[in-house]
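Structural characterization, general
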Amino acid sequence: MYIPQDIIRTKRDKKVLTETQINNFVDGLVTQKFTDAQVGAMAMAIFQNGMQNDEKVAFTLAMMNSGTVLNWQNFIDEPIVDKHSTGGVGDKVSLMLAPIVAACGAYVPMISGRGLGHTGGTSDKLESIPGFNIHPSLDHFRNTVKSIGTAIISQTDDLAPADKRLYSIRDVTSTVESIELITASILSKKLATGLDSLVMDVKIGNGAMMTSLTDAQALAQSIVDVATGAGVTTSALITDMNQVLGQTAGNAVEIVETVDYLTGKHREARLHQVVMALAAQMLVAAKIASNSQQGRDLAQSALDSGKAAEIFEKMIAALGGSNHFLTTYKEELTNANVVKDICATQAGFITAVQTRDIGMAVVALGGGRLDHHQSVDHSVGFTDILPKGTQVNVGDVIAKVHAKSNDDADKAMSQYLQATQISAQIVEIEPVIYQTIL
Ligand code: URA
């Protein structure tokens, strides 16, 4: 047993931590044997001096083992797969992906997060569905996954509790942006759900946590290496977040886009590309498809046959929502008081979008939160968002704002226009998918 200051000194002096030291640190996080000051100092030492892959694996496993670790053996035989995204604006991919992959025969127990800062959270989006319980008992969660193929719920206190304390201290000690700490934080929670394989969606761009390709690649590689070292087959896609993904940003409005996507009413092209690429990767990892093309074909058939939509509806019913959400979603979801067109003020091409600012405009409307205690207005946000590269004339609708009041709508409208650049010349638009790391 090491005392905290010895463990901190080891990392401060750029040495490699032993597994025992790492376990003592993580134990100290949970038992409070490490004070907040000592946790902060340790986080800063890791931030400054990094960790080798073996240290990261031991750290991730210790954090994972700080709470409940789900075990699906003797309960479900089929492959257990999941996807995790580093987050962005309009990222509703999980809502489509989980039922698609489940429809293809894999099991997807998905633990989702809340939005924080400018990014949206799948848990908040699901809570806009009347009756939906994102905190079911563990037994109910497991049984739903078994009977339907997927359940998406919220992070629970018993999965990787060490991360909860570490994350809150990182948040106030300028140590959030450490590849080592992000890797352990994300993976400890994901691996605690007992996965066989994982696909990471590392977002890159002005609406993402990683704004440079080099940082996104470093994070993706770190996650792939550590998860693989921990025995979970993992790959990563680096995908674009230099504009809102899909046509909506908010909560209920993203649920509407999800239903329209699953039922085939409308599938925005960039969103569809991301969903198909991730689905294919998950199906290959689950050994349901032998290559990416076969994975795509299977995913497309799950959409075309209506099976994915049916699974989404069943999941909603199993977790407390109505039995016929696909038919009644428009009436069930709360509409905003005011809906206004946002119109182009000049002619040209949409060439740049300050995606983070659009996320912050959703927060200002009440659709997100700046700290964990705030509540969310599920009805507000943006819809009918035109993608970059679209040619517009003066007066064309480039998006619609959904707000609680006229005042809020006007403010959000001016924020949206300020965040959207329209130029006479078309410029090259970023690819949807930058890289796949296997
Ligand atoms: N998401 C997490 O769960 N942890 C981090 O450290 C960063 C993003």
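Described in the following lines is the structure provided in the data block. Bear in mind the structure is a predicted one, so any value in this text is a computation, not a measurement.

**Some points on the layout of surface pockets**
Of the pockets and cavities examined, the largest pocket occupies roughly 1,700 Å³. Lining the largest pocket we find 49 residues, and of these Gly113, Arg114, Leu116, Tyr167 and Lys189 sit closest to its centre. It is helix α8 (residues 161-171) that contributes the most residues to the lining of the largest pocket, 7 residues altogether. Partitioned by chemical class, the residues of the lining of the largest pocket number 13 nonpolar, 23 polar and 13 charged. A domain split of the lining of the largest pocket shows at least three residues from each of domain 2 (81-154 + 174-329) and domain 3 (335-423). The calculated volume of the second largest pocket comes to roughly 390 Å³. Contributing to the lining of the second largest pocket are 19 residues, with Val253, Val256, Lys330, Thr383 and His402 lying nearest its centre.

**A short note on the packing of helix α1 (residues 4-12) against helix α2 (residues 19-31)**
Two numbers describe how α1 lies on α2: the axes approach to 10 Å, and their chain directions differ by 125°. Considering the angle they form, α1 stands oblique to α2. For the element pair α1 and α2, the recorded crossing hand is left-handed. On the side of α1, the interface is formed by Asp6, Ile7 and Thr10, while α2 contributes Gln21, Asn24 and Phe25. Across the contact of α1 with α2, the residue classes break down as 2 nonpolar, 3 polar and 1 charged.

**Brief notes about the sheet that holds strand β13 (residues 433-437)**
An order of β1-β4-β5-β13 is seen for the 4 strands of this open sheet, with the pairing classed as mixed. Among the strands making up the open sheet, the edge pair consists of β1 (81-85) and β13. Averaged over all adjacent pairs, the angle separating strand axes in this sheet is 15°, with direction ignored. Direction of pairing for strand β4 (residues 197-204) relative to strand β5 (residues 233-240): parallel, over a ladder of 8 bridges. Each bridged residue has a counterpart across the sheet, and for Asp201 the counterpart in β5 is Leu237. Here helix α9 (residues 179-191) sits on the sheet and contacts β1 and β4; the angle it forms with β1, its principal contact strand, is near 150°.

**Considerations on the sheet that holds strand β8 (residues 348-353)**
Spatially, 3 strands are ordered β10-β8-β12 in an open sheet, and the strand pairing comes out antiparallel. The sheet is open, and its two borders are formed by β10 (391-392) and β12 (420-423), each paired with just one other strand. Pairing between β8 and β10: 2 bridges, direction antiparallel. When the sheet's bridge partners are listed, Gly348 is paired in β10 with Val392. This element, helix α17 (residues 406-419), spans β8 and β12 of the sheet and lies at about 50° to β12.

Thresholds, definitions, all that
Residues numbered from 1 in each chain as written. Predicted model: local features only at pLDDT ≥ 70, side-chain atom pairs only at ≥ 80, totals over all residues. Heavy atoms only, no water. 1 Å grid on protein atoms, 1.4 Å probe; cavity = no way out; pocket = protein on both sides within 12 Å on 5 of 7 lines; lining within 4 Å. Points joined across faces, edges and corners; volume = space filled by probe spheres on them. Helix = DSSP H or I, 4+ residues; strand = E, 2+ residues; numbered from the N terminus. Nonpolar A, V, L, I, M, F, W, Y, C, P; charged D, E, K, R; others polar. Domains from an automatic or database assignment. Axes fitted to C-alpha atoms, helices over the stretch in contact; angles between N-to-C directions. Parallel < 35°, antiparallel > 145°, perpendicular 65-115°, else oblique. Left-handed = near helix turned anticlockwise from the far one by under 90°. Contact = heavy atoms within 4.5 Å. Pairing = 2+ DSSP bridges.

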